[in-house]
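As a plain string of letters, each chain reads:
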2 protein chains.
Amino acid sequence: MYRTHTNGQLRAQDIQQEVTLSGWVQKTRDKGFMVWVDLRDRYGVTQLIFDAQRTEKSMMEQAQKLGREFVIQVSGTVIERESKNPNMPTGDIEILVSKVTILNASLTPPFTIEDTTDGGEDLRMKYRYLDIRRNPVRENLLFRHKVSMAVRNYLSEQGFVDVETPYLIKSTPEGARDFVVPSRMNQGQFYALPQSPQTFKQLLMVGGLDKYFQIVKCFRDEDLRADRQPEFTQIDCEMAFVEQEDILNTFEGLTRHLLKEIKGVEVGAFPRMQYDDAMRLYGNDKPDIRFGMEFGELNQVAKHKEFNVFNTAELVVGIAVSGANSFTRKEIDKLIDWVRRPQVGALGMVYCRCNDDGSFKSSVDKFYDQEDLAKWAEATGAKPGDLIFVLSGQTNKVRAQLSALRMELAERLSLRKPDEFAPLWVVDFPLLELDEQTGNYHAMHHPFTSPKPGQLELLETAPGKVKANAYDLVLNGNEIGGGSIRIHDKQTQAIMLKHLGFSEQEAKEQFGFLMDAFEYGAPPHGGIAFGLDRLVAILGGQETIRDFIAFPKNNSGRDVMIDAPAPLDDTQLTELHLKLDIQE
Amino acid sequence: MYRTHTNGQLRAQDIQQEVTLSGWVQKTRDKGFMVWVDLRDRYGVTQLIFDAQRTEKSMMEQAQKLGREFVIQVSGTVIERESKNPNMPTGDIEILVSKVTILNASLTPPFTIEDTTDGGEDLRMKYRYLDIRRNPVRENLLFRHKVSMAVRNYLSEQGFVDVETPYLIKSTPEGARDFVVPSRMNQGQFYALPQSPQTFKQLLMVGGLDKYFQIVKCFRDEDLRADRQPEFTQIDCEMAFVEQEDILNTFEGLTRHLLKEIKGVEVGAFPRMQYDDAMRLYGNDKPDIRFGMEFGELNQVAKHKEFNVFNTAELVVGIAVSGANSFTRKEIDKLIDWVRRPQVGALGMVYCRCNDDGSFKSSVDKFYDQEDLAKWAEATGAKPGDLIFVLSGQTNKVRAQLSALRMELAERLSLRKPDEFAPLWVVDFPLLELDEQTGNYHAMHHPFTSPKPGQLELLETAPGKVKANAYDLVLNGNEIGGGSIRIHDKQTQAIMLKHLGFSEQEAKEQFGFLMDAFEYGAPPHGGIAFGLDRLVAILGGQETIRDFIAFPKNNSGRDVMIDAPAPLDDTQLTELHLKLDIQE
């Protein structure tokens, strides 16, 4: 047996016990006549003591030679510490060591195994197994486990069945790019890895399973943006015989349970906001509603003067920043530069100071008088002491720009508090989205999402206006889940696919099995999928998912630790009936 | 809202309640003036009644037209049944229907949705979503969910952390064939899908996570034998600072918990058997120990006469079949034919009847007298009334043949009771296995398994004799789990890989990251993996894993429902830098 206790376990009441511990040498302090060693494992740190009076000379020397991250086993007696450490759970005791065994030596680690390390991102990823020894990374992984277990137990108690759907499925060119898997046994053919178990969970509903969930890996071969992973984890759920309201209530319950169980936070009924309102008030379909700063549309009160920039704009829209009249001119100029960065893309920004005496001072005083500016203040909800920022231009673009500014200001002003949780349902999404490059419409959610009742006919005349039975769950400005009520009859599905540009032949080839299933008594059904990586990160008070994944890939989709992907043996290629087609 | 209750919920105490139900039409009985409909969902069946006296005529006609598997919603009053059905939980009541809505019609299903269906395997797989509606299939999936949850909760309570390891990893030509995934972003390079998370779980131990588990899909591109799937599920576990004994105790605990919680069966301490003993006594490393019939080796008592078949054999070995002296000559001849089938491969079989009067009658009476045969009976444990079967030949082959016969007899005699559970640890497996075709040794478990202490040197002189710290958990003649204490130092790992035929360069390329990790303080560690598909099937009293998988693939690795794998678009191939290399 390697240990009688872990390194987080021993307390004052264990004094005089003979114990055996194993773990890593966190650090040693050598005073010559005394050597202290901090012994670490997953559960904590216990201090070991060797001293010249009580410890054999050879063991003293052994202790002095222990290097950082050596793995050792010690036996000894639990004794009371002379100087107790109230910040450590084991701080009342130490171990007077009578035997040391080096279980494994260690080279000097390439970075320090401390809460704050000197290792850069690349080095930490290459030696991820050392990075995981650090408290913050380990705590994140333990936290993820806790969330997963809570999700599974809650859903299981609600009658959901965990069903494993297949990973080797069929490629559908629609949507994001699939990762594919060549089949050796079926020459010239390929499996695809699922982007989500969407069609399978719908088939489980057709199969009468009623309530399904799965915590499941999904795969998307996309050019990676920051904080995207080619493989990611979904909490995937589906229910039969439900309307939108049933789904919202069920998963509001799950989210509330997680906030309570994991974070000890009680939240009331989740507000619901129409997609159109979210866009109008926050310029964003996943608004962070923790800090106000709602948009005020200013067309009515800003397009009647000689200021052509506004007059020719489709939308003039502003936000009031609470207390920001204290910003210096230089700070304001910096923010103007910030919105003009190509990533945001505004051409300029107008501002208006709301002075404490009720007067206004704007950057466009030439065109607007105090009465005009008072109306701006009214529209944006600005009070004396605030600062109003105004952007103008094409509606979609200017909303996105002002939304970016709003979030940036919230960050700078520390309004996005990691321990405050504001969930929100955004509902009534459009069914289709116009691809401005091709002029085609594609499904905003996916092709299986049902239109609102009675709106199917609109598809012919005004496809962009059709609303869907689709909803997103937003938490603190992040989409943590999204879903829809699905189409469950063949005819509607066929109409949808036609409008998405599928020929009858293509629709049959790719989704024939689903349309067939709809002919054999498919029940009404709908569902939702949560992004587990992001959910865990947000619950953990962070926004970077990579820190909550044991072995993440970098932005080129590489695992730098195992050095994958890698070239294949020629014999493997031959067996798979493949040749490389390398472009120089 | 689609329903106020499920179809398994209503009881006598609900009589007079107004309810709304939804579900599938299981069957209708039309007496003209009365129509009964059995309405089914996941939770049960409720009887609906329409009768000419109390039901509107148009609704009567509607009820008469309801087809099998139509999805309907009904509202009505819970009333007492005239003829109660004590075999149905809802058998005391029925619903007098006041409103019917057809939610979805159904074509006539291609097979009956009944416990025993008229659909063949192929049809059931093509329409798996209909097959899942059948009680036995649905119950299997619910049972699997129950087992998964019990495993997760037990391990979590024991301090194991569920960590998700990556699915896109690196191919290693060693062992079984990998499924691979071409990388679009890394031209000419491939990921592999994991055959198991072996190296990652070891790295988690190096990373100090101490106790890891995961229920995880694994992939093997092998020519499929019956009841093998290209993707399968493992309960994957690893622990640090453990010896073999710690692992056996921990997972004996898990297995005992499952038997208790899932099956209500209490079992005592699991017996442990050395691999060599399992082979000697049962000819098999996963013996079913529920029904005795241990092998008796007869070399000492059968090789001293003129019977050359035995005299030239490496091993003469028999089993006693309890009470089988009642077998007719014809039955015995059939069994002799059975062992001579090419799948078993015996050249012939000797038998000996143990008569009630204590005398013997064998098929080789010419060579062996009563005294000889009495020794056979003693060696095999045969009693009066039994029948002894004896095979001879090369040790490995004859043991496998007699093991096959033993299992076949147990099946025929119904000795393998699905509700009786006999777990067994088989320990001290050989480290290496001789490939008789190539003459090379390969790892019996995998290249990371540690040899027994002090046996490393034997690798040079008698590689086949080296025992490993490896163990299998056997349940009712099936290997349900297997694992080992791993190598945790670089030098031993390098020696192992050398003996397995890896050049230094190959070892570094394929396992360099692991060997590097061993240099930074790797703790002693070991683990086990259970095959969840098989475990669930055995706990469910069955041996076919396919019935416990929602969407299994057929023996050609095809999903016949979605028709995968399938050809890819040319543009997809081009993006992946691949060309097909089809052999005619």
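Residues numbered from 1 in each chain as written. Chains lettered and ligands numbered in written order. Predicted model: local features only at pLDDT ≥ 70, side-chain atom pairs only at ≥ 80, totals over all residues. Heavy atoms only, no water.

## What about unusual backbone geometry?
Residue and element names in this part refer to chain A.
Then, in step 1: Cis peptide bonds are those with omega within 30 degrees of zero, and the linkage from A564 to P565 qualifies with 0°.
Then, in step 2: Summarising the element assignment, P565 is placed in the loop between α16 (532–539) and α17 (570–575).
Then, in step 3: If you check the backbone angles, H577 has positive phi at about 60° while not being a glycine.
Then, in step 4: Tracing the backbone through its elements, the reader meets H577 in the loop between α17 and β23 (578–580). (Helix = DSSP H or I, 4+ residues; strand = E, 2+ residues; numbered from the N terminus.)

## What to know about the environment of A:Y275
Residue and element names in this part refer to chain A.
Then, in step 1: By the secondary structure assignment, Y275 is in helix α7 (residues 275–282).
Then, in step 2: What makes Y275 buried here is its relative accessible area of 13%.
Then, in step 3: Residues Y275 and F429, spaced 154 residues apart in sequence, show a C-alpha to C-alpha distance of 5.4 Å.
Then, in step 4: When sequence neighbours within four positions are dropped, the list of residues in contact with Y275 reads D285, V426, V427, D428, F429, P430 and M444. (Buried < 20%, exposed > 50% of the residue type's maximum accessible area, 1.4 Å probe, protein only. Contact = heavy atoms within 4.5 Å.)

## Quick look at the environment of A:V267
Residue and element names in this part refer to chain A.
Then, in step 1: Tracing the backbone through its elements, the reader meets V267 in the loop between α6 (244–263) and β11 (272–274).
Then, in step 2: Classification of V267 by relative accessible area gives buried; the value is 16%.
Then, in step 3: Along the backbone, V267 and D122 are 145 residues apart, and their C-alpha atoms lie at a distance of 39 Å.
Then, in step 4: What V267 contacts, discounting residues up to four positions off in sequence, is R256, L259, F421 and P423.

## A closer look at the side chain of A:R558
Then, in step 1: Counting through the fold element by element, A:R558 comes out in the loop between α16 and α17.
Then, in step 2: Side chain to side chain, A:R558 and A:D563 meet in a polar contact 2.9 Å long.
Then, in step 3: Beyond its immediate stretch of four places on either side in the chain, A:R558 contacts A:K553, A:D563, A:A564, A:P565, B:N186 and B:Q189. (Polar contact = N/O pair within 3.5 Å; in protein donor to acceptor, adjacent residues only side chain to side chain.)

## Here we look at the domain arrangement of chain A
Think of interface size as the accessible area that goes away when the parts come together; that is how it is often given.
Then, in step 1: Annotation of chain A at the domain level lists domain 1 (12–104), domain 2 (142–272 + 423–548) and domain 3 (291–412).
Then, in step 2: Domain 1 of chain A and domain 2 of chain A are separated by 52 Å when their C-alpha centres are compared. (Domains from an automatic or database assignment.)

## Thoughts on the sheet that holds strand β20 (residues 470–475) of chain B
In a beta sheet, neighbouring strands pair by backbone hydrogen bonds and run either parallel or antiparallel.
Residues and elements named next belong to chain B.
Then, in step 1: Pairing in this open sheet of eight strands is mixed, and the strands run β6-β9-β10-β22-β21-β20-β17-β11 from one edge to the other. For this open sheet the edge positions go to β6 (161–162) and β11 (272–274), each flanked by a neighbour on one side alone.
Then, in step 2: Pairing analysis gives seven bridges linking strand β10 (residues 231–240) to strand β22 (residues 525–531), with the strands arranged antiparallel. Bridging from a neighbouring strand, I235 pairs with F530 of β22.
Then, in step 3: Lying over the sheet, helix α4 (residues 135–157) contacts β6, β9 (211–219) and β10, oriented at roughly 150° with respect to β9. (Pairing = 2+ DSSP bridges. Axes fitted to C-alpha atoms, helices over the stretch in contact; angles between N-to-C directions.)

## A word on the interface of chain A and chain B
Then, in step 1: Listed by partner, the interface residues are 127 residues for chain A and 128 residues for chain B.
Then, in step 2: Summing both sides of the interface, chain A and chain B together bury roughly 11,300 Å²; the carbon and sulfur share of this comes to 59%.
Then, in step 3: The shortest N-O distance in the salt bridge between A:E575 and B:R177 comes to 2.8 Å.
Then, in step 4: Inspection of the region where chain A meets chain B yields 70 residue pairs in polar contact (both at pLDDT 80 or more).
Then, in step 5: Among the elements that line the side of chain A that touches chain B, the one with the most residues is helix α4 (residues 135–157) of chain A, at nine residues. (Buried area = accessible area lost by both parts, 1.4 Å probe. Salt bridge = Lys/Arg side-chain N within 4 Å of Asp/Glu carboxyl O.)

## What about the sheet that holds strand β4 (residues 71–80) of chain A?
Residue and element names in this part refer to chain A.
Then, in step 1: The five strands lie next to each other as β1-β2-β3-β5-β4, forming a closed barrel whose pairing is mixed. Neighbouring strand axes in the sheet, compared pairwise and without regard to direction, differ in orientation by 55° on average.
Then, in step 2: The sheet contact formed by β4 and strand β5 (residues 93–104) spans 10 bridges and is antiparallel. Opposite T77, over in β5, you have L96 as the bridge partner.

## Thoughts on the pairing of strand β16 (residues 387–393) of chain B
Along any regular strand the residues' side chains alternate between the sheet's two faces.
Residue and element names in this part refer to chain B.
Then, in step 1: Burial of β16 is extensive: six of the seven residues sit out of reach of the surface.
Then, in step 2: Two elements, strand β13 (residues 315–321) and β16, share seven bridges in a ladder whose sense is antiparallel. Bridge pairing in β16 links V316 to S392.
Then, in step 3: The pairing of strand β14 (residues 350–354) with β16 spans four bridges and is classified as antiparallel. Bridge pairing links C352 to I388 in β16.

## Examining the pattern of salt bridges
Then, in step 1: The full count for this structure, using the stated rule, is 84 salt bridges over all chains.
Then, in step 2: Its salt-bridge partner being A:R144, residue A:D533 comes within 2.9 Å of it at the nearest N-O pair. Of this pair, A:D533 sits in helix α16 while A:R144 sits in helix α4, and the two are 389 residues apart along the sequence. Grouping residues by exposure puts A:D533 and A:R144 together as buried.
Then, in step 3: Here A:R144 makes a salt bridge to B:E164, at a shortest N to O gap of 2.8 Å. Within this pair, whereas A:R144 is found in helix α4, its partner B:E164 is found in the loop between β6 and β7 (180–182), the two belonging to separate chains.
Then, in step 4: We classify A:R144 as buried; its relative accessible area is 6%.
Then, in step 5: Linked through salt bridges whose partners overlap, the residues forming this network are A:E121, A:R124, A:R128, A:D131, A:R134 and A:R546.

## Quick look at the environment of B:E139
Then, in step 1: Tracing the backbone through its elements, the reader meets B:E139 in helix α4.
Then, in step 2: With 235 residues separating them in the primary sequence, B:E139 and B:A374 have C-alpha atoms 51 Å apart.

## Quick notes on the packing of aromatic side chains
Residues and elements named next belong to chain A.
Then, in step 1: By the definition in use, this model includes 41 aromatic pairs over all chains.
Then, in step 2: Ring centres of F307 and Y368 lie 6.3 Å apart, and the angle between their planes is 85°; this geometry places the pair in the edge-to-face category. Remark: Y368 occurs in the loop between β15 (360–362) and α11 (370–380) and F307 occurs in the loop between α8 (299–302) and α9 (308–311); sequence separation between them is 61 residues. As far as burial versus exposure is concerned, F307 and Y368 are alike and both buried. (Phe/Tyr/Trp six-rings, centres within 6.5 Å; stacked < 30°, edge-to-face > 60°.)

## Brief notes about a negative patch on the surface
Then, in step 1: A contiguous patch of negative charge on the surface is contributed by A:E506, A:E509, B:D569 and B:D570.
Then, in step 2: Inspection of the secondary structure puts B:D570 in helix α17 (residues 570–575).
Then, in step 3: Here B:D570 falls in the exposed class, since its relative accessible area comes to 60%. (Patch = residues over 30% accessible without salt bridge, like charges linked within 9 Å, V, L, I, M, F, W, Y side chains within 5 Å. Areas by Shrake-Rupley, 256 points an atom, 1.4 Å probe, with all protein chains shown as cover. Lys, Arg positive; Asp, Glu negative; His and termini not counted. Charge placed at Lys NZ, Arg CZ, Asp CG, Glu CD.)

## Examining the relation of the copies chain A and chain B
Then, in step 1: Taken as rigid bodies, chain A and chain B are interconverted by a rotation of 180° and an axial shift of 0.0 Å, the fit giving an RMSD of 0.0 Å. Such a combination of turn and shift is consistent with a two-fold rotation axis.
Then, in step 2: Interface residue correspondence from chain A to chain B reaches 100%, placing this contact among same-surface, isologous pairings. (Least-squares fit on C-alpha atoms with pLDDT ≥ 70 in both.)

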